[in-house]
Amino acid sequence: MDRQMEIEEILANIEDMLEHGKSVPFSDKTMIDREEMFDLITDVRLKLPTEIEQSKWVLEEKNRILVDAQHEAEEKIREAEEERIKMINENEVTRAAYAQAEEIIENAKRVAKEMRQGAKEYADDLLMQIEEQITALNEFTGDRLHDVAQESEEKAKEFSQIMQQKTAILQQNRKELGIHHE
């Protein structure tokens, strides 16, 4: 069973508690077992950290990819520069070597730029997917918790704020990547 289905089942249990709870005479209030409600809310929270852990992994993976791309680009540029110096030092083919070295350096720079851009786009795609999943989960949970008793509403607001903070962090991370989609 996937996490969303597990969360949906927990929320259905909350709704069931409200529907079958004892009615308070002369009011539209329902008495529910407070501990049982807190246990269900805790279960929902325990199902969510995988998305948060996944976003941390994506950030670490993004950083690793960017660092690897930078190192590889620097290595290619260093190799190209060494090759250029070697060719320049050879008296017979100095001009041809210089031109070829410049072309190698330009190609290395172009490849490095493409690699960095590709790594950024990959990281941005992963962050966008996680942001969409968290947003959908936040909307789904928000809709379900709206029907919960007054005491549960405080917990739902707290949960929504946490999810908005996480979404803001993801949006900030995407913004830091500097990619603009049209």
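Summarised in this report is the structure supplied together with it. Values in this document were obtained by computation on a predicted structure and should not be read as measured data.

What counts, and at which threshold
- Residues numbered from 1 in each chain as written.
- Predicted model: local features only at pLDDT ≥ 70, side-chain atom pairs only at ≥ 80, totals over all residues.
- Heavy atoms only, no water.
- Helix = DSSP H or I, 4+ residues; strand = E, 2+ residues; numbered from the N terminus.
- Contact = heavy atoms within 4.5 Å.
- Areas by Shrake-Rupley, 256 points an atom, 1.4 Å probe, with all protein chains shown as cover.
- Salt bridge = Lys/Arg side-chain N within 4 Å of Asp/Glu carboxyl O.
- Patch = residues over 30% accessible without salt bridge, like charges linked within 9 Å, V, L, I, M, F, W, Y side chains within 5 Å.
- Lys, Arg positive; Asp, Glu negative; His and termini not counted.
- Charge placed at Lys NZ, Arg CZ, Asp CG, Glu CD.
- Core = buried A, V, L, I, M, F, W, Y, C linked by side-chain atoms within 4.5 Å.
- Buried < 20%, exposed > 50% of the residue type's maximum accessible area, 1.4 Å probe, protein only.
- Expected span 1.5 Å × (residues − 1).
- Arc of directions from axis to C-beta.
- Axes fitted to C-alpha atoms, helices over the stretch in contact; angles between N-to-C directions.
- Parallel < 35°, antiparallel > 145°, perpendicular 65-115°, else oblique.
- Left-handed = near helix turned anticlockwise from the far one by under 90°.
- Nonpolar A, V, L, I, M, F, W, Y, C, P; charged D, E, K, R; others polar.

1. Some remarks on the overall build of the protein
Point 1. The number of helices and strands found in the protein is five helices and two strands.
Point 2. Looking at the protein alone, contacts between residues at least 24 apart form 74% of all its contacts between residues at least 6 apart.
Point 3. For the protein, the exposed surface amounts to about 12,500 Å²; the carbon and sulfur share of it is 49%.

2. Some words on unusual backbone geometry
Point 1. Even without glycine at this site, Phe26 takes up a positive phi of about 60°.
Point 2. Mapping Phe26 onto the fold places it in the loop between strand E1 (22-23) and strand E2 (30-31).

3. Considering the pattern of salt bridges
Point 1. As enumerated under the stated definition, the model contains seven salt bridges in all.
Point 2. The salt bridge involving Arg64 is made with Glu61; its shortest N-O contact spans 2.5 Å. Of the two residues, Arg64 and Glu61 both sit in helix H3 (residues 49-89), three residues apart, roughly one turn of that helix.
Point 3. For Glu131, the salt bridge is made with Arg174, and the minimal N-O distance between the two is 3.1 Å. Here Glu131, found in helix H4 (residues 94-145), pairs with Arg174, found in helix H5 (residues 150-177); they are 43 residues apart in sequence, far enough to count as distant.

4. Section: a negative patch on the surface
Point 1. Residues Asp33, Glu35, Glu36, Asp39 and Asp43 make up a contiguous surface patch of negative charge.
Point 2. With respect to the element layout, Asp39 can be found in helix H2 (residues 34-47).

5. Here we look at the nonpolar core
Point 1. Ranked by size, the top nonpolar core spans 24 residues in total, and within it Ile7, Leu11, Ile14, Val44 and Leu48 carry the most contacts.
Point 2. Elements with a minimum of two residues in this core: helix H1 (3-20), H2, H4 and H5.
Point 3. Sorting elements by how many residues they give to this core places H4 first, with seven residues.

6. With respect to the environment of Val44
Point 1. Its location among the elements puts Val44 in helix H2.
Point 2. Among the residues examined, Val44 registers a relative accessible area of 7% and is labelled buried.
Point 3. In sequence terms Val44 and Glu8 are 36 residues apart; their C-alpha atoms lie 8.9 Å from each other.
Point 4. Not counting the four nearest positions on each side in its chain, Val44 is found in contact with Ile7, Ile10 and Leu11.

7. Comments concerning the environment of Glu9
Point 1. Within the secondary structure, Glu9 is located in helix H1.
Point 2. According to the relative accessible area criterion, Glu9 is partly exposed, its value standing at 43%.
Point 3. C-alpha separation for the pair Glu9 and Val44, spaced 35 residues apart in sequence, amounts to 9.7 Å.

8. What about the environment of Leu59?
Point 1. When you line up the elements, Leu59 lands in helix H3.
Point 2. Residues in contact with Leu59, not counting those within four places in the same chain, are Leu127 and Asn173.

9. Side note on H1
Point 1. The end-to-end C-alpha separation of H1 is 26 Å, in line with the 26 Å expected for 18 residues at 1.5 Å each.
Point 2. Listing the buried residues of H1 in full gives Ile7, Ile10, Leu11, Ile14, Met17 and Leu18. The buried residues of H1 occupy an angular sector of 105° when the element is viewed end-on, so they sit on one face. Exposed residues pointing more than 90 degrees away from the buried face of H1 are listed as Glu19 and His20.

10. Quick notes on the packing of H1 against H2
Point 1. Interhelical geometry of H1 versus H2 gives an angle of 165° and a closest axis separation of 9 Å. Relative to H2, the element H1 is oriented roughly antiparallel. Between H1 and H2 the crossing geometry is left-handed. Mapping the contact onto sequence places Arg3, Glu6, Ile7, Ile10, Leu11, Asn13, Ile14 and Met17 in H1 and Glu36, Met37, Leu40, Asp43, Val44 and Lys47 in H2.
Point 2. Classifying every residue of the contact of H1 with H2 by side-chain character gives eight nonpolar, one polar and five charged.

The analysis is restricted to geometry; functional conclusions fall outside its scope.
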